[in-house]
Structures are given as structure tokens and as C-alpha cells.
Amino acid sequence: MTENTAVVDTAERARFVDAVRKGLSEVLNKDVSGADEGVRLFDELGLDSSSALELLITIEEILDVQFDAEDLEMTHFETVGSLADFVAAEAGA
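Residues numbered from 1 in each chain as written. Predicted model: local features only at pLDDT ≥ 70, side-chain atom pairs only at ≥ 80, totals over all residues. Heavy atoms only, no water.

- Under the annotation held in an unreviewed UniProt entry, the protein chain carries the name Acyl carrier protein and is attributed to Streptomyces chartreusis.

**A few points about unusual backbone geometry**
Stage number 1. Positive phi, close to 55 degrees, is recorded for Asn 29, a residue that is not glycine.
Stage number 2. The exposure class assigned to Asn 29 is exposed, which follows from its relative accessible area of 69%.
Stage number 3. One non-glycine residue, Asp 64, lies in the positive phi region at around 55 degrees.
Stage number 4. Topologically, Asp 64 is positioned in the loop between helix H2 (49-63) and helix H3 (80-90). (Buried < 20%, exposed > 50% of the residue type's maximum accessible area, 1.4 Å probe, protein only. Helix = DSSP H or I, 4+ residues; strand = E, 2+ residues; numbered from the N terminus.)

**As for the packing of aromatic side chains**
Stage number 1. One pass over the structure, following the stated rule, counts two aromatic pairs.
Stage number 2. Ring centres of Phe 42 and Phe 77 lie 6.5 Å apart, and the angle between their planes is 75 degrees; on these two criteria the pair is classed as edge-to-face. Of this pair, Phe 42 sits in the loop between helix H1 (3-28) and H2 while Phe 77 sits in the loop between H2 and H3, and the two are 35 residues apart along the sequence.
Stage number 3. Judged by relative accessible area, which is 27%, Phe 42 ranks as partly exposed.
Stage number 4. Centre to centre, the rings of Phe 67 and Phe 86 are 5.6 Å apart; their planes meet at 45 degrees, and the pair counts as tilted. One end of the pair, Phe 67, is in the loop between H2 and H3; the other, Phe 86, is in helix H3, and 19 residues separate them in sequence.
Stage number 5. Given the relative accessible area of 12%, Phe 67 is considered buried.
Stage number 6. Accessibility expressed as a relative area gives 5% for Phe 86, which makes it buried.
Stage number 7. It is Arg 15 that lies over the ring of Phe 16; its NZ or CZ is 4.7 Å from the centre. (Phe/Tyr/Trp six-rings, centres within 6.5 Å; stacked < 30°, edge-to-face > 60°. Lys NZ or Arg CZ within 6 Å of the ring centre and 35° of its normal.)

Written out as C-alpha cells, the structure is:
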């Protein structure tokens, strides 16, 4: 991997993490823009099953992508980082 590729990967990863944070802020009606990637969505931020669905729809709108619900697992919603990983994989990053 070249140095330029690493920078692009880091920037691309940051884009997905930011989209998750922005979506969480909108859905939960509170600022979580500084949430660490290890923050637990249900336990620490108070996400529930209905807001999780709303979150996915919001992230789809933010990134202009569509997620396949069949690929979705509860493990994707463990943390900010795990959801960002799912979003990145679904967006083809």
C-alpha cells in the first residue's frame, strides 16, 4: 500500500464515521459529533430498535446509498466504529 492510498483510506473511513455520527445526532436529537468509535450505540447512546431503523435511513440519505437489510446484523450496531464498518462495506468503499 502506498502512502497516498493510506491517506485516501483514512479519509474515506473518516467520511463513514462522520456520517454515522451525523445520523446519530439527527436521530437522537443530541450532539454526538465527537463520539469515539468505541461508544456503544444501545448501552451508551440510548439507541433502540426503532431508532436504529431510522438511523439507517438517515445514513442512506446522508451518503446517498442503499443498504441491503438482509446483510444487517445486531453486531453492526454495537459501536460507532462497527456501524461505520458496515456502512463502508455496503457503500463499496
